[in-house]
Amino acid sequence: MSRLRQRIRCLLAGAVITVFCQGAQCAPEYVEGEVIVTFKASVTLDATKKTLGAHSMAMTKHFAFLSERRGRHTGLVRMPGRTTASLIEELNLEFSVQTVEPNFLRWPNAQPPNDSFFSRQWGLQNTAQAVNGFAGKVGADTKFAGAWSLARASSSNVVVALIDTGVDYRHPDLSSNMWTNPGENPANHLDDDQNGYVDDYYGWNFADGVPDPSDSDIHGTHVAGTIAAVGNNQLGVIGIDYQAKIMALKASKNGSNFTDSAIIEAIQYATMMKSRGVNIAAINASFGGPGYNSAMLGAIQSAGDAEIVFCAAAGNASADNDLTATYPAAYRLPNMIVVGATDQDDALASFSNYGANTVDLGAPGVNIFSTTPTNKPGTTSYVKLGLTTYSANELTFSGTTTGLTAMIYDCGLGYPTNFPAAVSGKIALISRGTIFFSEKAANAKAAGARAAIIYNNLSGNFFGTLGSPSNWLPVVSIALADGLAIKATLPAIGTVANFPDPAKIYQYLDGTSMATPHVSGAVAFAAMNFPDENASQRIQRVLAGVDIVPGLVGQVRTGGRLNLQRIVDTDGNGLPDWWEQVYFGDLTGTDPNADGDHDGASNLAEWQAGTNPTNANSSLRLSEVAGGPGGSSIIRWRSEPGKKYRLERATNLLAGFTALVRTNIAATAPINTESDAAILPFGSPRFYRIRLEQ
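Cut-off values and rules
All residue numbers refer to position in the chain's written sequence, counted from 1. Two thresholds apply to this predicted model, a pLDDT of at least 70 for residue-level local features and 80 or more for giving and counting side-chain atom pairs, whereas whole-chain, interface and lining totals are computed over all residues. Processing note: side-chain calculations cover all non-hydrogen atoms of the structure and skip hydrogens and water entirely. The secondary structure listing takes helices from DSSP runs of H or I that are at least 4 residues long and strands from runs of E that are at least 2 residues long, numbered from the N terminus. Using C-alpha atoms as the atom set, the radius of gyration is obtained and then compared with a globule rule of 2.2 Å times the number of residues to the power 0.38. Burial status follows relative accessibility: with a 1.4 Å probe on protein chains alone, a residue under 20% of its type maximum counts as buried, one over 50% as exposed, and anything between as partly exposed. Note on charges: Lys and Arg go in the positive column, Asp and Glu in the negative column, and His and the chain ends are not counted at all. Every charge is mapped to an atom, namely NZ of Lys, CZ of Arg, CG of Asp or CD of Glu. At least two bridges found by DSSP between two strands are what make those strands a pair. Angles run from 0 to 180 degrees between N-to-C directions of axes, and those axes are lines fitted to C-alpha atoms, restricted for helices to the stretch in contact. Here, a salt bridge means any side-chain nitrogen of Lys or Arg that lies within 4 Å of a carboxyl oxygen of Asp or Glu. Aromatic contacts are taken between Phe, Tyr and Trp rings whose centres are within 6.5 Å, Trp giving its six-membered ring; a plane angle under 30 degrees counts as stacked, one over 60 as edge-to-face, and the others as tilted. Geometrically, a lysine NZ or arginine CZ counts as sitting over a ring once it is within 6 Å of the ring centre and also within 35 degrees of the ring normal. For this analysis, residues touch if any pair of their heavy atoms sits within 4.5 Å. By the definition adopted for this analysis, an angle is roughly parallel if under 35 degrees, roughly antiparallel if over 145, roughly perpendicular if from 65 to 115, and oblique otherwise. When the near helix sits turned anticlockwise from the far one by under a right angle, the crossing is termed left-handed; a clockwise turn instead gives a right-handed crossing. We call Asp, Glu, Lys and Arg charged. Ala, Val, Leu, Ile, Met, Phe, Trp, Tyr, Cys and Pro are nonpolar, and the rest, Gly among them, are polar. Here a polar contact is taken to be a pair of N or O atoms separated by no more than 3.5 Å, where protein atoms must pair a possible hydrogen donor with a possible acceptor and residues adjacent in sequence count only if both atoms sit in side chains. Think of it as the arc spanned by the lines of direction from the helix axis to the C-beta atoms. pLDDT measures how confident the predictor is about each residue, on a scale from 0 to 100.

> How would you explain the overall build of the chain if you had to name every residue and give the values?
Check the secondary structure of the chain and you find 14 helices and 36 strands. Since a compact globule built from 694 residues should have a radius of gyration of about 26 Å, the 29 Å found for the chain is in line with a globular shape. Seen through its C-alpha atoms, the chain measures out along the principal axes to roughly 100 × 75 × 55 Å. Out of the 694 residues belonging to the chain, those deemed buried represent 55%. For the chain, the distance from the average site of its 50 positive side-chain charges to the average site of its 60 negative ones is 4 Å.

As structure tokens, this is what we get:
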């Protein structure tokens with residue numbers, strides 16, 4: 001973040017309200033004039049209405065499903081023109097009221113976007129390849145390939161409920177992995193399944209109270225891609241659980257913050273749909289902010305009662321969560337996993353919050369490449385001076401230009417007095433620091449500048465935002481060295497470009513927001529492989545299987561980074577736990593080298609071939625070789641669905657199987673038949689070998 005935020009707390013009638021000060025102005029971190037009220041367990045709904053009515057108030061929204069589950073009525077009260085503090089003070093005087101709390105705002109825990117497939121997804125497979133200009137550490141990844149080589153074939157359609165800025169459900173790398181409500185006809189404007197939501201086909205937009213959960217930013221779509229982007233489709237990226245489905249629960253109007261009321265209703269919806277049979281394994285909550293809310297805590301507890309794991313981002317303030325609470329991460333309920341971010345070297349990311357007692361594990365959260373909305377493509381941004389082109393980043397909400405050429409003037413830190421009169425109609429070069437980016441941009445526009453370049457005050461470039469949509473001029477950021485090089489030549493003619501690139505529907509983002517979906521996807525992966533386990537057992541699989549890394553010891557509770565492979569193979573013997581359970585009755589402890597059925601194939605070979613390790617008649621071997629027409633040979637063997645085989649021939653066993661008959665033979669279970677039409681010298685013997693294609 002580019003601005004220092006100073007917390008000011010005031011205690012009022014038992015409720016803590018937090019205000020953040022930015023520069024000279026303070027911005028409340030809750031919705032003014034709104035409170036979330038929870039009544040005591042003995043109070044009926046009619047009584048709540050009478051109590052509120054006595055104050056000329058009413059519930060704007062009643063969280064009915066949550067209220068029933070918790071045994072106490074909770075709802076949002078909105079009173080425009082009143083302060084939140086006065087509502088809290090007034091309603092806390094009522095004996096029937098249990099809690100009155102602000103409708104806090106939460107922020108996506110992501111760093112702003114960078115620039116525009118599997119090789120870029122170092123978090124899944126890190127070979128020290130250069131990703132976004134940085135080569136990391138071999139093996140500093142989640143062991144994605146190994147995990148999926150041990151995965152169970154499943155059609156259970158595990159669902160991750162994504163509470164975020166929305167999802168681009170039309171994105172070509174997401175559309176076929178979007179959850180859709182089987183009980184809802186999205187075109188008839190009726191509540192077909194009678195769950196209280198009309199046309200909730202992909203989920204719901206709780207921020208605006210409408211069915212369409214399209215992304216209001218890029219954050220939710222990016223998180224969705226990390227969880228469940230479609231796999232093996234020769235397109236873009238692959239999700240860490242590419243067989244999972246995404247339920248889109250939009251809780252942000254503007255893409256920059258969330259209200260507690262929308263979040264609570266989204267959790268309530270997911271819990272309700274789980275009770276209706278939707279296989280929701282996890283809720284992804286890549287957001288956070290100050291302010292304790294008992295109603296949200298109750299909603300998360302309710303989700304836990306329904307066996308839903310709640311995965312929360314630790315935050316991006318480089319802070320110790322043991323000392324400074326950020327919510328929802330700080331609720332620390334039994335069904336929660338709190339996630340910090342790691343980089344390509346397996347170190348805690350510089351921006352990531354941590355906590356030896358309050359953050360559970362780390363997961364990849366730097367330079368994470370994933371999906372972004374197709375209607376908000378990435379940008380091509382640069383600054384050019386003479387023959388030199390400088391790489392630039394768009395500031396979020398910036399104006400666009402395909403190439404604006406004009407004289408560039410030095411405008412200091414961007415205060416109103418720093419802009420020379422000559423910059424009118426030209427380009428302003430501004431140093432980062434002291435005041436908000438939005439202030440620098442507004443001052444440049446007021447001075448008549450047509451574009452602005454902000455150079456860093458630290459080594460390298462940075463990502464930034466102008467705060468909210470507006471009629472902004474084009475504003476880009478460049479590295480410190482580049483800014484100083486340009487400054488030394490001024491005034492000089494240069495070009496600023498910042499334009500949408502429709503080919504860029506994938507981008508890099510940083511943040512604990514990007515780390516958390518790796519973990520919620522891992523929970524879904526656990527649910528796919530072990531459908532009979534409960535939420536606690538899935539959490540244990542995730543946390544017990546981490547890779548302990550020095551950079552996280554003492555920083556997070558487990559001291560480790562997510563390892564997807566150990567979720568499915570907890571003892572590391574090369575045999576998936578679910579397979580051991582099926583054939584040997586125990587999740588662990590099987591000797592991979594043993595041959596209990598004495599068929600000549602070890603347990604590991606049986607697993608790899610897909611055969612039964614307890615049946616001597618089930619192993620990978622040729623069952624028949626017979627003569628065919630014209631001197632050909634017919635070869636048969638028992639095959640298993642989903643496997644591929646390699647058939648080899650020899651005429652001299654001492655020389656070995658040097659002739660390849662055919663490779664990449666797809667199984668046609670239960671029996672495969674192949675013909676070898678090779679013409680060999682008369683009387684030459686033929687030997688065949690069948691092998692599993694790795």
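Right, picking up where we left off after that structure.
> Describe the pairing of strand β36 (residues 687-692), naming the residues involved and giving the relevant values.
Residues Tyr688, Ile690 and Leu692 line the buried face of β36, whereas the alternating positions Phe687, Arg689 and Arg691 sit on a face that is not buried. Bridge count between strand β33 (residues 644-650) and β36: 6 bridges; the pairing is antiparallel. What sits directly across from Glu648, in β36, is Arg689.

> For the sheet that holds β33, give the residues involved together with the corresponding values.
Reading across from one edge, β34-β33-β36 is the order of the 3 strands in this open sheet, with antiparallel pairing throughout. Strands with a single pairing partner mark the edges of an open sheet, and in this sheet they are β34 (659-666) and β36. Ignoring strand direction, the axes of neighbouring strands in this sheet form an average angle of 20°.

> Run through the pattern of salt bridges, naming residues and quoting values.
One pass over the structure, following the stated rule, counts 21 salt bridges. For Arg541, the salt bridge identified is with Asp577, shortest N-O distance 3.0 Å. With Arg541 in helix α11 (residues 535-544) and Asp577 in helix α13 (residues 577-584), the pair connects residues that are 36 residues apart, well separated along the chain. For the pair Arg541 and Asp577, a shared accessibility class is recorded, and that class is buried. Look at the salt bridges and you will find they share partners, linking Asp141, Lys143, Asp346, Asp547, Arg561 and Arg566 into a network.

> Could you give an account of the environment of Gly255, naming the residues involved and the relevant values?
Looking at the element boundaries, Gly255 is found in the loop between β12 (245-250) and β13 (258-259). Measuring from C-alpha to C-alpha, the distance between Gly255 and Ile218 comes to 7.7 Å, with 37 residues separating the pair along the chain.

> Pulling in residues and values, what's your account of unusual backbone geometry?
A cis geometry characterises the amide bond from Tyr327 onward to Pro328, with omega recorded as 15°. Looking at where Pro328 falls in the secondary structure, it is placed in the loop between β16 (309-313) and β17 (336-342). With omega at -5°, the peptide bond leading from Leu490 into Pro491 counts as cis. Inspection of the secondary structure assignment puts Pro491 in the loop between α9 (480-487) and β27 (492-500). For Glu307, which is not glycine, the phi torsion reads 65° and is therefore positive. With respect to the helices, strands and loops of the structure, Glu307 is situated in the loop between α7 (294-305) and β16. Despite not being glycine, Ser318 shows a phi value in the positive range, around 55°. Along the chain, Ser318 falls in the loop between β16 and β17. We classify Ser318 as partly exposed; its relative accessible area is 38%.

> Quick rundown of the packing of aromatic side chains? Include the residues and the values.
Tallied over the full model, the rule gives 23 aromatic pairs. Relative to Phe287, the ring of Phe258 lies with its centre 5.0 Å away and its plane at 35°, an arrangement referred to as tilted. Within this pair, whereas Phe258 is found in strand β13, its partner Phe287 is found in strand β15 (residues 287-288), the two being separated by 29 residues in sequence. Note on accessibility: Phe258 and Phe287 belong to one class, buried. Seen from the ring of Phe95, Lys40 lies directly overhead, with NZ or CZ sitting 3.7 Å from the centre. Against the face of Trp607 rests Lys643, its NZ or CZ located 5.6 Å from the ring centre.

> Explain the environment of Val37 to me, using residue names and the numbers behind them.
Structurally, Val37 is set in strand β4 (residues 30-39). If we ignore the near neighbours within four places in the chain, the residues touching Val37 are His73, Thr74, Gly75, Val77, Leu91, Val97, Thr99 and Val100.

> Residues and numbers for the packing of helix α6 (residues 260-275) against α7, please.
For the pair α6 and α7, interaxial distance at closest approach is 9 Å and the crossing angle is 15°. It follows that α6 is roughly parallel to α7 by the angle criterion. Considering the relative orientation of α6 and α7, their crossing is left-handed. Taking contact as the criterion, the partners of Asp260, Ile263, Ile264, Ile267 and Thr271 in α6 are, on α7, Ala295, Met296, Ala299, Ile300, Ser302 and Ala303. Of the residues contributing to the contact of α6 with α7, the split by class is 8 nonpolar, 2 polar and 1 charged.

> Help me get a handle on the side chain of His219, residues and values and all.
Note that His219 resides in helix α5 (residues 219-228). Exposure remark for His219: the relative accessible area of 3% places this residue in the buried category. Separated by 2.8 Å, the side chains of His219 and Ser513 make a polar contact.

> Talk me through the pairing of strand β26 (residues 475-478); I want residue IDs and the actual numbers.
Here β26 shows a buried face lined by Val475 and Ser477 and a second buried face lined by Val476 and Ile478. In this structure, strand β22 (residues 393-394) lies alongside β26, joined through 2 bridges in antiparallel fashion. Paired with Asn393 across the two strands is Ser477, which belongs to β26.

> With reference to specific residues and values, describe the sheet that holds β26.
Spatially, 8 strands are ordered β21-β20-β27-β23-β24-β25-β26-β22 in an open sheet, and the strand pairing comes out mixed. Only two strands of the sheet have a single partner each, and these edge strands are β21 (388-391) and β22.

> Outline helix α3 (residues 84-91), supporting the account with residue identities and numerical values.
Restricting attention to buried positions, one finds in α3 the residues Thr84, Leu87, Ile88 and Leu91. Looking down the long axis of α3, one finds its buried residues gathered within 100° of arc, a one-sided arrangement.

> Quick one: what's the story with the confidence of the model for the chain, residue by residue and with numbers?
Confidence in the prediction of the chain, expressed as mean pLDDT, is 88, and 94% of residues score 70 or more. Within the model, pLDDT remains below 50 along residues 111-116, and this stretch shows 29 contacts once partners closer than five positions in the same chain are excluded.

> Can you tell me about the environment of Ala349, naming the residues and giving the values?
Along the polypeptide, Ala349 turns up in the loop between β17 and β18 (361-364). Between the C-alpha atoms of Ala349 and Gly511, which are 162 residues apart in sequence, the distance is 8.4 Å. Contacts of Ala349, omitting those with residues within four sequence positions, involve Ala341, Thr342, Asp343 and Val366.

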